[in-house]
Amino acid sequence: MTILTKENLQFLIPGTTHILERNGEDAFVYLGRDGRGHMLLDTGETRSGSWRLLDDGYATHWDGGQEGDWMLDATAEGVFYISRNGKQRLKLRGILFGNAKNLPQ
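Position numbers for residues start from 1 in each chain and track the written sequence from start to end. In view of the model being predicted, local features appear only for residues whose pLDDT reaches at least 70, and side-chain atom pairs are presented and counted only at 80 or more, with totals across whole chains, interfaces and linings using the full set of residues. To get the side-chain values, take all heavy atoms of the structure and skip hydrogens and water.

What follows concerns the overall build of the protein. The numbering of helices and of strands both runs from the N terminus, where a helix is a DSSP run of H or I of at least 4 residues and a strand a run of E of at least 2. Tallying secondary structure elements over the protein gives 1 helix and 8 strands in all. Secondary structure elements of the protein, listed N to C terminal, follow the sequence α-β-β-β-β-β-β-β-β. Expected size for 105 residues packed as a compact globule is a radius of gyration near 13 Å; at 13 Å, the protein falls within 12% of this value. In the protein, once contacts between residues fewer than 6 apart in sequence are set aside, the share between residues at least 24 apart is 39%. Summed over all atoms, the accessible surface of the protein reaches about 5,900 Å², with 47% contributed by carbon and sulfur. The centroid of the 12 positive side-chain charges in the protein is displaced by 1 Å from the centroid of its 14 negative side-chain charges. Each radius of gyration is computed over the set of C-alpha atoms, and the globule rule expresses the reference value as 2.2 Å times the number of residues to the power 0.38. In this description, contact between two residues means that some pair of their heavy atoms is separated by no more than 4.5 Å. The Shrake-Rupley method, run with a 1.4 Å probe sphere, supplies the accessible areas, and residue values consider only the shown protein chains as cover. Residues counted as positive are Lys and Arg, residues counted as negative are Asp and Glu, and His and the chain ends are not counted. Charge positions come from single atoms, namely NZ of Lys, CZ of Arg, CG of Asp or CD of Glu.

Along the chain, Thr 16 falls in strand S1 (residues 16–22). Each residue's exposure class comes from its accessible area (1.4 Å probe, protein chains only) as a fraction of the maximum for that residue type: buried when under 20%, exposed when over 50%, partly exposed otherwise. Classification of Thr 16 by relative accessible area gives buried; the value is 1%. Polar contact is defined as a pair of N or O atoms within 3.5 Å, subject to the rule that within protein one atom must be able to donate a hydrogen and the other to accept it, and that residues adjacent in sequence are counted only when both atoms are side-chain atoms. At 3.0 Å, the side chain of Thr 16 and the backbone oxygen of Leu 12 are in polar contact. Within the structure, the side chain of Thr 16 is placed 3.3 Å from the side chain of His 18, a separation counted as a polar contact. In this structure, Thr 16 is in contact with Val 29, Tyr 30, Leu 31, Ile 95, Leu 96, Phe 97 and Gly 98, ignoring residues within four places of it in sequence.

Here you go:
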């Protein structure tokens, strides 16, 4: 495992939209430079909330009470989101600059 650190993540996370493979479909997460985050799940559900960079990942707190604590693992097959509790592993399909999906703000 090669967990990306804050030194790398500061260039890959703030102000970008991440495309994640979730249940075989695309889900989108926009992480604004202002600490606000917005998500569009593969089910059509949207979430808004806050996020913060950690030394080895980032954490989210969605307005509905859901929380996430993620690390990004760089492998030969690509980059994967890994939940800190080990229950989820999602492939990062791409990174777009800005709020590429115009998620609600």
